[in-house]
Amino acid sequence: MMFTVIARRVPLTRLVLSRGYTSSVREGSVAQSKGFSKKEKAHEDEYARRHEAELLRKLKAEVCTTRITIVSLS
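Rules of the game
Residues numbered from 1 in each chain as written. Predicted model: local features only at pLDDT ≥ 70, side-chain atom pairs only at ≥ 80, totals over all residues. Heavy atoms only, no water. Helix = DSSP H or I, 4+ residues; strand = E, 2+ residues; numbered from the N terminus. Buried < 20%, exposed > 50% of the residue type's maximum accessible area, 1.4 Å probe, protein only. Areas by Shrake-Rupley, 256 points an atom, 1.4 Å probe, with all protein chains shown as cover. Patch = residues over 30% accessible without salt bridge, like charges linked within 9 Å, V, L, I, M, F, W, Y side chains within 5 Å. Salt bridge = Lys/Arg side-chain N within 4 Å of Asp/Glu carboxyl O. Polar contact = N/O pair within 3.5 Å; in protein donor to acceptor, adjacent residues only side chain to side chain. pLDDT = per-residue confidence, 0-100.

1. Observations regarding the overall build of the protein
In terms of regular secondary structure, the protein is built from three helices and zero strands. Element order for the protein, N to C, with α for helix and β for strand: α-α-α. Within the protein, buried positions represent 0% of all 74 residues. On the protein, roughly 7500 Å² of surface is accessible, and the fraction owed to carbon and sulfur atoms is 63%.

Next up, the structure:
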């Protein structure tokens, strides 16, 4: 009988100890904060601007080479 009582109390003790180590902050609360989401949006916007600038640079280079080809054919 004594072993049964100890076996039943061990999970309760672990539950109490694990509660002591948790904080009031929920998981993922940093990602949900306004400051973090503004910073993340700013990084995404910066990436989008750089990507679009690179695409525009490539397109302008393609237009330039096409114009040179047209002039040389004329």
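2. Some thoughts on a nonpolar patch on the surface
A cluster of nonpolar side chains, contributed by Leu56, Leu59 and Val63, occupies part of the molecular surface with about 250 Å² of accessible area. Position of Leu56 relative to the elements: it lies in helix H3 (residues 34–73). Residue classification places Leu56 among the partly exposed positions, given a relative accessible area of 45%.

3. Observations concerning the pattern of salt bridges
Tallied over the entire structure, the rule returns three salt bridges. Its salt-bridge partner being Asp45, residue Lys41 comes within 3.3 Å of it at the nearest N-O pair. Of this pair, Lys41 and Asp45 are both found in helix H3, four residues apart, which corresponds to roughly one turn of the helix. Accessibility expressed as a relative area gives 48% for Lys41, which makes it partly exposed. Exposure remark for Asp45: the relative accessible area of 31% places this residue in the partly exposed category.

4. Regarding the environment of Ser74
Inspection of the secondary structure assignment puts Ser74 in the segment after H3. With relative accessibility at 77%, the residue Ser74 sits in the exposed group. Of the polar contacts made by the side chain of Ser74, one reaches the backbone oxygen of Ile70; its length is 3.0 Å.

5. Description of the confidence of the model for the protein
Fine structural detail should not be taken from predicted coordinates in areas where pLDDT scores are low. Averaged over every residue, the pLDDT of the protein is 76; residues scoring 70 or more account for 57%. For the protein, the element scoring lowest by mean pLDDT is helix H1 (residues 2–21), at 52; H3 scores highest, at 94.

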